[in-house]
Amino acid sequence: MAFANENKVKMKIKIINKSTHELPSYETIASAGMDLRANISEAITLQPLERTIVKTGLFIELPIGYEAQVRPRSGLAAKKGITVLNSPGTVDADYRGEIGVILVNLSNEVFVIENGERIAQLVIAKHERATWIQVEELSETSRGEGGFGSTGVK
């Protein structure tokens, strides 16, 4: 989908499309993700609690310092109980293989994945690399060691 302000595109990414579908695109001017489509020769039946890797036919070359995050589609998760198992999945800048999506059926019903079905979304994100500085103690905070659920309303 083309937008009037395409000159605002900040980066270009090389992509090989061996699928039978159009390239992923942003559906609206404010969309963060692009839908990924299943590129399969025959439908895949996903039983309740079953998982599978669904190929997309897409191969990308990201610049160093960026990753592609494979995330669930909210509508598919809410309506059908289908989500990305390792969410978000990461496609690293040095990976050159086909993008695959690990889908899991968390519903109680069989789900059939058809060729061309929108199965996940892809978000391109900048990331930082860290260097560890080993120390004997960390600075104090009001939260301290409070973990899961410790900042919620009491």
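Heads up: these notes are all about the structure in this document. Here the structure is a predicted model, which means the values were calculated and not measured. (Residues numbered from 1 in each chain as written. Predicted model: local features only at pLDDT ≥ 70, side-chain atom pairs only at ≥ 80, totals over all residues. Heavy atoms only, no water.)

1. Comments concerning the pattern of salt bridges
Then, in step 1: For the coordinates displayed, the defined rule picks out 2 salt bridges.
Then, in step 2: The closest approach of N and O atoms between Arg-73 and Asp-35, which form a salt bridge, is 3.4 Å. Of the two residues, Arg-73 sits in the loop between β6 (66-71) and α1 (74-80) while Asp-35 sits in strand β2 (residues 34-37), which places them 38 residues apart along the sequence. You'll find Arg-73 and Asp-35 in the same group, each marked buried.
Then, in step 3: A salt bridge links Arg-118 to Asp-35, with the shortest nitrogen-to-oxygen separation between them at 2.9 Å. With Arg-118 in strand β11 (residues 118-126) and Asp-35 in strand β2, the pair connects residues that are 83 residues apart, well separated along the chain. (Salt bridge = Lys/Arg side-chain N within 4 Å of Asp/Glu carboxyl O. Helix = DSSP H or I, 4+ residues; strand = E, 2+ residues; numbered from the N terminus. Buried < 20%, exposed > 50% of the residue type's maximum accessible area, 1.4 Å probe, protein only.)

2. Regarding unusual backbone geometry
What is expected of a backbone is that most residues other than glycine have negative phi and most peptide bonds are trans.
Then, in step 1: Ser-87 connects to Pro-88 through a cis peptide bond whose omega is -10°.
Then, in step 2: Within the element layout of this structure, Pro-88 appears in the loop between β7 (82-84) and β8 (89-91).
Then, in step 3: For Leu-49, which is not glycine, the phi dihedral falls at a positive 65°.
Then, in step 4: Of note, Leu-49 is situated in the loop between β3 (44-46) and β4 (51-55).

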